[in-house]
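In case you want the letters, here they are:
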Amino acid sequence: DMKFAYIYGTPPRDVKRVERLWNGNWGLAGFDTNVDTKTFEFEDGEEMARVKATTTGHGFGSGNNCAEFCNNVHSLEVNGSEAWSWQIMQECADNPLYPQGGTWVYDRAGWCPGMEGELYEFEITPWVEEGEVDLDYDIEYDPDGKYVFESYVVTYGAPNAYNDVEISEILAPSDFRLHSR
């Protein structure tokens, strides 16, 4: 199913531009060829920016099952220096969409059966003042890995407010199916 949440009022900051960075379905053997360093240039009025990325590993049965069941390190570099690094695995045993047959209880790279892929957000605002940034996404190499990858840069104008508070979910009490466990 799908839900839309419409929020009325002034946003914390106005979106100026959404630009695609890297998008595709690649094996790790050729990942660096397809996901190379990109230079992103800021335009007038763009004062803040964020990278948003979803990476999910798929496939198994060869080598060490890297991709779907492989815990490797992902990182985002800004201007040649590693700014963020994390393990991609997502815990699936507590998946609220049960019962499911097969291997649904096993942790996976960035996703679980019946659930959305993990969204990673990286605030790159400190680099906006430089006028441009070089961005590079890296994954620890494995010859058997294969990843579906979507990523964007979202730019914003000046903040409309300096305190941004929201309630994003009510976990309990809740009759929302994803909180049933």
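Structure: above.
No experiment lies behind these values; they were computed from the predicted model shown. (Residues numbered from 1 in each chain as written. Predicted model: local features only at pLDDT ≥ 70, side-chain atom pairs only at ≥ 80, totals over all residues. Heavy atoms only, no water.)

A short note on the overall build of the protein
Okay, so step 1: Across its full length, the protein holds 1 helix and 10 strands.
Okay, so step 2: Scanning the protein from its N terminus toward the C terminus, one meets helices and strands in the order β-α-β-β-β-β-β-β-β-β-β.
Okay, so step 3: Summarising its shape, the C-alpha atoms of the protein cover approximately 50 × 45 × 20 Å along the three principal directions.
Okay, so step 4: Per-residue burial for the protein yields a buried fraction of 35% across its 181 residues.
Okay, so step 5: Contacts in the protein between residues far apart in sequence, at least 24 positions, make up 75% of those at least 6 positions apart.
Okay, so step 6: Accessible area of the protein: about 11200 Å², with a carbon and sulfur share of 48%.
Okay, so step 7: Taking the average place of the 12 positive charges on the side chains of the protein and the average place of its 34 negative ones, the gap between the two points comes to 8 Å. (Helix = DSSP H or I, 4+ residues; strand = E, 2+ residues; numbered from the N terminus. Buried < 20%, exposed > 50% of the residue type's maximum accessible area, 1.4 Å probe, protein only. Contact = heavy atoms within 4.5 Å. Areas by Shrake-Rupley, 256 points an atom, 1.4 Å probe, with all protein chains shown as cover. Lys, Arg positive; Asp, Glu negative; His and termini not counted. Charge placed at Lys NZ, Arg CZ, Asp CG, Glu CD.)

So, a negative patch on the surface
Okay, so step 1: On the surface, a cluster of negative charge is made up of Glu41, Glu129, Glu130 and Glu132.
Okay, so step 2: The residue Glu41 is located in strand E2 (residues 38-41) in this model.
Okay, so step 3: With a relative accessible area of 52%, Glu41 lands in the exposed category. (Patch = residues over 30% accessible without salt bridge, like charges linked within 9 Å, V, L, I, M, F, W, Y side chains within 5 Å. Salt bridge = Lys/Arg side-chain N within 4 Å of Asp/Glu carboxyl O.)

Some details on the environment of Gly63
Okay, so step 1: With respect to the secondary-structure elements, Gly63 resides in the loop between strand E3 (48-57) and strand E4 (73-78).
Okay, so step 2: Each C-alpha atom, one on Gly63 and one on Asp142, is 9.0 Å from the other, the two residues being 79 residues apart in sequence.

Here's the deal with the sheet that holds strand E9 (residues 132-139)
Okay, so step 1: Strands sit in the order E2-E9-E4-E5 across an open sheet of 4 strands; the sheet is antiparallel. Unpaired on one side and paired on the other, E2 and strand E5 (81-87) mark the two borders of the sheet. Going from strand to strand, the sheet's axes swing by 25° on average, the running direction of each strand aside.
Okay, so step 2: In this sheet, E5 lies alongside E4 in antiparallel orientation, the contact comprising 6 bridges. Residue pairing for E5: Val78 is matched across the bridge by Ser81. (Pairing = 2+ DSSP bridges. Axes fitted to C-alpha atoms, helices over the stretch in contact; angles between N-to-C directions.)

Brief notes about the state of the cysteines
Okay, so step 1: The final tally for this structure, using the stated rule, is 1 disulfide.
Okay, so step 2: Cys92 shares a disulfide with Cys112; S-S distance 2.1 Å. A torsion of -90° about the S-S bond marks the disulfide between Cys92 and Cys112 as left-handed. With Cys92 in the loop between strand E6 (89-90) and strand E7 (108-109) and Cys112 in the loop between E7 and strand E8 (119-123), the pair connects residues that are 20 residues apart, well separated along the chain. Neither residue differs from the other here; Cys92 and Cys112 are each classed as buried. (Disulfide = S-S within 2.5 Å.)

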